[in-house]
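# Per-entry structural report
Given next are the chains, with one letter for each unit.
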Amino acid sequence: MSMASTKNLVPSHFSFLNSNPKFTFPKTQSFSLYSNPFCITCSKKVKRKGKLRYPSEKKKLKQQQEAQVDVENKFEGIWRLSKLSVSVHKDPGKDFLGVSDALLQEIAKVLEFPVASMLPQEAFKVVRKSFDARKLQKEQKFVYTVDVDVHKLLNLEPRTWEFISELEPKVGLIEHLPQDRTSGDIMSIVHACVKSGQDATTSEHGDRNLCNGSHTNASHRKPKVAVVGSGPAGLFASLVLAEFGADVTLMERGEAVEKRGRDIGALVVRRILQEESNFCFGEGGAGTWSDGKLVTRIGRNSGSVLAVLETLVHFGAPQKILVDGKPHLGTDKLVPLLQNFRRYLEKLGVTIMFGTRVDDLLVKDKHVVGVKVSDARDNSSHSMNQQLGYDAVVLAVGHSARDTYQMLLSHGVSLVEKDFAVGLRVEHPQELINSIQYSGLGNEVQSGRGKVPVADYKVVEYVNTNDIALPSNSAPRNRSCYSFCMCPGGQVVLTSTNPSELCINGMSFSRRSSKWANAALVVTVSSKDFAALDLHGPLAGVEFQRMFERRAAAMGGGNFVVPVQTVTDFLDNKLSGTSVPLSSYRLGVKATNLHELFPSHITSSLQQSLLKFDKELPGFISSSALLHGVETRTSSPVQISRSADTYECTSLRGLYPIGEGAGYAGGIVSAAVDGMYSGFALAKSLGLFHGCIESILGKAQSAGVAKY
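Residues numbered from 1 in each chain as written. Predicted model: local features only at pLDDT ≥ 70, side-chain atom pairs only at ≥ 80, totals over all residues. Heavy atoms only, no water.

- In the nomenclature of an unreviewed UniProt entry, the protein chain corresponds to FAD-binding domain-containing protein from the organism Solanum verrucosum.

### Points about the packing of aromatic side chains
- A complete count under the given rule lists 17 aromatic pairs for this structure.
- Between Phe244 and Phe680 the ring centres are 5.4 Å apart and the planes differ by 80 degrees, which places this aromatic pair in the edge-to-face class. Separated by 436 residues along the polypeptide, Phe244 in the loop between helix H8 (232-243) and strand E6 (247-252) and Phe680 in helix H18 (residues 668-685) bring together distant segments of the chain. This pair shows no difference in class: Phe244 is buried, exactly as Phe680 is.
- For the pair Phe530 and Phe544, a centre-to-centre distance of 5.1 Å together with 55 degrees between the ring planes defines the contact as tilted. Of this pair, Phe530 sits in helix H14 (residues 527-532) while Phe544 sits in helix H15 (residues 540-556), placing them 14 residues apart in sequence. With respect to class, Phe530 is no different from Phe544; both count as buried.
- Three or more aromatic residues joined by ring pairs make a cluster, and in this case those are Phe420, Phe530, Phe544, Phe548 and Phe598.
- We note Lys224 situated over the ring of Tyr390; from NZ or CZ to the ring centre the distance is 5.4 Å.
- We note Arg253 situated over the ring of Phe281; from NZ or CZ to the ring centre the distance is 4.4 Å. (Phe/Tyr/Trp six-rings, centres within 6.5 Å; stacked < 30°, edge-to-face > 60°. Helix = DSSP H or I, 4+ residues; strand = E, 2+ residues; numbered from the N terminus. Buried < 20%, exposed > 50% of the residue type's maximum accessible area, 1.4 Å probe, protein only. Lys NZ or Arg CZ within 6 Å of the ring centre and 35° of its normal.)

### A short note on the sheet that holds strand E14 (residues 460-464)
- Read from one edge of the open sheet, seven strands run E14-E15-E18-E13-E21-E19-E20, paired in mixed fashion. A strand with exactly one partner marks an edge of an open sheet, and here the two such strands are E14 and strand E20 (589-591). Taking each pair of neighbouring strands and ignoring which way they run, the sheet shows an average axis angle of 30 degrees.
- Where E14 meets strand E15 (residues 478-487), five bridges bridge the pair, whose relative direction is antiparallel. Bridging from a neighbouring strand, Val463 pairs with Arg479 of E15.
- Against the sheet, helix H17 (residues 600-616) contacts strand E13 (420-429), E14, E15, strand E18 (516-525) and strand E21 (626-631), and its axis sits at roughly 135 degrees relative to E14. (Pairing = 2+ DSSP bridges. Axes fitted to C-alpha atoms, helices over the stretch in contact; angles between N-to-C directions. Contact = heavy atoms within 4.5 Å.)

### Structural notes on the state of the cysteines
- Across all of its chains, the model carries zero disulfides by this definition.
- Cys280 forms no disulfide, and the closest cysteine sulfur to it belongs to Cys503, at a distance of 5.9 Å. (Disulfide = S-S within 2.5 Å.)

### Structural notes on the pairing of strand E1 (residues 78-87)
- Burial within E1 is extensive, with eight of its ten residues counted as buried.
- As judged from the eight bridges shared by E1 and strand E3 (residues 141-149), these two strands associate in the antiparallel manner. Counted as the bridge partner of Leu84 is Tyr144 from E3.
- With four bridges connecting them, E1 and strand E4 (residues 174-177) associate as antiparallel partners. Directly across from Ile78, in E4, lies its bridge partner Leu177.

### Things to note about H18
- Between its first and last C-alpha, H18 extends 26 Å over 18 residues, near the 26 Å set by a 1.5 Å rise per residue.
- With 16 of 18 residues buried, H18 lies mostly within the body of the structure. (Expected span 1.5 Å × (residues − 1).)

In structure tokens:
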């Protein structure tokens, strides 16, 4: 073949490059266009293979070697590229979830493809986008995880073939996925199970090899299940069970979100507390009137978490939660989402009973056969109880259903006291947190409408109280202190369920546009702390909470006024005066010395943690920072014993304790995941499902003590 004829094989893109004197290929690369007209050959720069100087290099190489696996076919499935960094100045901003030109440049570097503009954006999908504002780096940046659809990439740009052939997995950077890991929402997962069960051939043991909906055998009645509590765990358990064909009744002591919103408005404006419909009780659970955080410690990329997020999107959550590194919804987004969720459950035939309190279990031969309920709206002593029979009862009551814990003890149910955390809620001007975290980039926040996210923080420290005189029976000298439920652009709200008790939390709307930032600063407490105050038994943690909630109410002077103190005064153990910075808490604050609230070892731990937090976040200690008391309901103070495989209570058959109130979750997502897995487990027990959910979504993980 003559040289003249080969010119026709050179792609037009490269003709342009050859004719453009400004373009030069990197010196470490050489190219041949004649061996294959649709690919570019790249000879890579040889890397040092001699003796490694640093132990860290040896460790990194060992990890890479251990993770190195033979990829059967590099041209099928998905290549996942992680830790792709784009400068904040080059990125379109936090609300842009597509593939920008700057991100395409980073993808090209990983693929070692010479001209980023030739890469088709349609072949790449952003699966994670986070903002990294750490001070140790030269500039703030957005960090991406991107999936490469190889089939689409090769169809749109065949010249990437040889570059894909050179790709190798690298720990934490490049991963090959034989197929897309996206699991879909829970409805589609259950439907796939039912379809597979109907189409499956009988196994050698004579059973269906996946699942079989109850509707396939009309001669059998549908199993009846009561789900108590309409928080994330109860909602997702109800959804799974109803999709499998169970006759589900969802009972909620509180109100639907529309009525609940009015009750909360009456509390905030007129100080009228509805003890069954408030910030803790009602449709959606305690997370509805909170920040709506969807971060979790049980695996952001796990099939179960993705299934929950996909389900939330189906019911109206923005697509952004599937990509955002720190996804959140906000109360304003949660309310319509819950309404859509409710309507879908009703279409499935789920009976939903609001304002219905479960007062007792109906038990026969150590087996729960139903529940005794009453009208939660009727506070008179003449309210009538109603007995309802069920084949199983799912208990998803949340961390504030203290009367339910007492009722369970009366039936001999095994409750174990559990570690949790207590402390104070600190509030700063949001502009101060923006400045601390972003320095000069703080003006890009623009009340949640700017290029970068509203600044948040997460701090964890380990402190000791060796210098404090402790009781002889005594509380631990070492404990962890951490920020909890940080609400940027939010407000402090009342979460009391009893007028004689005072406890608080934080909440935000979706834009996080308020001028305040708040977070709980809490320290872990355990049975030793309870015993030091002569509190014993499985409900010692509950009484521990009540003790300080009542003390906070007294220090505030009643009427839901919150006791407060500036951070600087709290560190100096003094009260400078009655004037304090403005607070977002709408029911009033009162300047007090918060050293009178907790035992000295807890107070000392909080002081030490503040000093350490200020080293990590210089400026955190400020006279404009205001501490509010008291934060006690960070997670359930008890755990209800259950089987790890079946989710059934170990003390009573037919009872399925789930979610945060049962001690197995810590936040919206982990509670939803627990509800989902328990739904599959109960469906299996009832003969509605014959497969293994772990083979579809992976092994279930417990959130443990909440730190979110």
